[in-house]
Amino acid sequence: MTREQSAGSELVAAKPERGHVVIATAGLRDRIVCIRCEQLFHPFDDEGIRFRRRALKLEGLVGFRHESISLPTLRADASKLHTFALQTVLRAALSNHTPDVPVSELTQWTANRLLDGRPTVDDGPEVFIRIIRGDLGAVSMDPALHQDATPPCYILHMPNMTIFVARDVGGKLDRSCSHMTLRAGTEVTIWRSRIELYELARITDGLAPVAAEMRKVFKKLERSSARRKKKQ
């Protein structure tokens, strides 16, 4: 994660399993794949970063569309966003940090599509993007299996974006979001909301082991901010 991906604010990285909490001044990076693969991932990562910024500000708004409620539809490359979601699942599987996201038929299929330069959106799993507003929306967490969904799916917690990915090649998401899944084209319909209770519960449960360290780090940030304001 770069500072751009975190909306330009201070980045704090927590690794509860190690008891570490640090201020990540240069962003967060984890070398998981080779340079060639990073080059393959780059255009899709860029589209994901740009889309997040536009979606928060509703830039490129086409209109509000849906049968019963108004949802913003933005100009975006849905095909690149779909591949961005799948390559994030692939990265998670290869990292060995996320037991809920194993190497599977889906991740192998995704790797083959990337290497062949072929899109994933036409016959891949359904993908749905939810934009998270508010201060807590900037929290990023490891990808996980969303057990409460029907059927269960992968959930990718990124700064201001939660992305849901069906677990199987050609797999479907819950019917409630089927009208907002990514389709090939230049328009993307999004759901914008505050953070959900199950997401908040995951944050609090995950950070509980390092709560004291988190308080120390945020106190340090508060003092640093106060000093900057005095200088101004």
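Above this text sits the structure in question.
Model, not experiment: these values are computed from the prediction.

Criteria and thresholds
- Residues numbered from 1 in each chain as written.
- Predicted model: local features only at pLDDT ≥ 70, side-chain atom pairs only at ≥ 80, totals over all residues.
- Heavy atoms only, no water.
- Patch = residues over 30% accessible without salt bridge, like charges linked within 9 Å, V, L, I, M, F, W, Y side chains within 5 Å.
- Areas by Shrake-Rupley, 256 points an atom, 1.4 Å probe, with all protein chains shown as cover.
- Salt bridge = Lys/Arg side-chain N within 4 Å of Asp/Glu carboxyl O.
- Lys, Arg positive; Asp, Glu negative; His and termini not counted.
- Charge placed at Lys NZ, Arg CZ, Asp CG, Glu CD.
- Helix = DSSP H or I, 4+ residues; strand = E, 2+ residues; numbered from the N terminus.
- Pairing = 2+ DSSP bridges.
- Axes fitted to C-alpha atoms, helices over the stretch in contact; angles between N-to-C directions.
- Buried < 20%, exposed > 50% of the residue type's maximum accessible area, 1.4 Å probe, protein only.
- Phe/Tyr/Trp six-rings, centres within 6.5 Å; stacked < 30°, edge-to-face > 60°.
- Contact = heavy atoms within 4.5 Å.
- Expected span 1.5 Å × (residues − 1).
- Polar contact = N/O pair within 3.5 Å; in protein donor to acceptor, adjacent residues only side chain to side chain.

Trainee: How should I be thinking about a positive patch on the surface in this particular structure?
Mentor: Positive charge collects at one region of the surface, where Lys219, Lys220, Arg223, Arg227, Arg228, Lys229 and Lys231 lie side by side. Considering the arrangement of structural elements, one finds lysine 231 in helix α5 (residues 211-231).

Trainee: For this particular structure, what's the right way to read the sheet that holds strand β9 (residues 187-189)?
Mentor: Sheet strands pair by backbone hydrogen bonding; their relative direction is either parallel or antiparallel. Strand order across the open sheet formed by 3 strands is β3-β4-β9, with antiparallel pairing between neighbours. Strands with a single pairing partner mark the edges of an open sheet, and in this sheet they are β3 (61-64) and β9. Adjacent strand axes in the sheet meet at a mean angle of 25° when their direction is disregarded. Alignment of strand β4 (residues 72-75) against β9, held across 3 bridges, turns out to be antiparallel.

Trainee: What is the right way to look at unusual backbone geometry in this model?
Mentor: What you tend to see is this: most non-glycine residues have negative phi, and most peptide bonds are trans. Backbone torsion omega between threonine 150 and proline 151 reads 0°, so that peptide bond is classified as cis. Secondary-structure assignment places proline 151 in the loop between β6 (144-146) and β7 (153-158). Of note, leucine 58 is a non-glycine position whose phi angle comes to about 55°, a positive value. When its relative accessible area of 22% is taken as the criterion, leucine 58 is described as partly exposed. Positive phi is not limited to glycine here, since asparagine 160 has a value of about 65°.

Trainee: Explain the pairing of β4 here, please?
Mentor: Every regular strand shows the same layout, with side chains that alternate between the two sheet faces. Relative to β4, β3 runs antiparallel, the two sharing 3 bridges. Bridging across to β4, phenylalanine 64 finds its partner in proline 72.

Trainee: Just checking my understanding: could you explain a nonpolar patch on the surface for this structure?
Mentor: A contiguous nonpolar surface patch, about 290 Å² in accessible area, is contributed by Leu136, Leu197 and Leu200. Mapped onto the secondary structure, leucine 200 falls in helix α4 (residues 197-207). Leucine 200 sits in the partly exposed class, given a relative accessible area of 31%.

Trainee: Before we go on, may I ask you to explain the packing of aromatic side chains in this structure?
Mentor: Within this structure, the stated rule accounts for 1 aromatic pair. Aromatic pair phenylalanine 128 and phenylalanine 164: ring centres 5.6 Å apart, planes at 15°, arrangement stacked. Here the residue phenylalanine 128 occupies a position in strand β5 (residues 127-132), and phenylalanine 164 occupies one in strand β8 (residues 161-166), the gap between them amounting to 36 residues. There is no split in this pair, since phenylalanine 128 and phenylalanine 164 are both buried.

Trainee: I keep staring at the environment of isoleucine 190 and nothing clicks. Help me out?
Mentor: Along the chain, isoleucine 190 turns up in the loop between β9 and β10 (191-193). Using a relative accessible area of 0% as the deciding quantity, one classes isoleucine 190 as buried. When the C-alpha atoms of isoleucine 190 and histidine 179 are compared, they prove to be 10.0 Å apart, with 11 residues separating the residues in sequence. Isoleucine 190 has contacts with Phe51, Ala55, Leu71, Pro72, Leu74, Ile129, Ile131 and Met180, leaving out every residue within four places of it along the chain.

Trainee: I would appreciate a short explanation of helix α3 (residues 105-116) in the present structure.
Mentor: Note: α-helices contain 3.6 residues per turn, so residues at a spacing of three or four share the same orientation. Taking 1.5 Å as the rise per residue, α3 with 12 residues should run 16 Å; its terminal C-alpha atoms sit 16 Å apart, in good agreement. Buried residues in α3 make contact with α1 (35-57), α2 (78-95), β7 and β8.

Trainee: Before we go on, may I ask you to explain the pattern of salt bridges in this structure?
Mentor: Once their charged atoms are close, side chains differing in charge can pair, the charge on each being opposite to the other. Enumeration according to the criterion identifies 9 salt bridges in this entry. Between aspartate 123 and arginine 113 there is a salt bridge, and its shortest N-O distance comes to 2.9 Å. Residue aspartate 123 is found in the loop between α3 and β5, and its partner arginine 113 is found in helix α3; the two are separated by 10 residues along the sequence. By relative accessible area, arginine 113 is classed as buried at 9%.

Trainee: Even after reading the chapter, I still don't get the side chain of threonine 120, so can you show me in this structure?
Mentor: Along the chain, threonine 120 falls in the loop between α3 and β5. Polar side-chain contacts of threonine 120 include one of 2.7 Å to the side chain of histidine 82. Sequence-distant contacts of threonine 120, defined by excluding residues within four places in its chain, comprise His82, Thr83, Leu86, Trp109 and Arg113.

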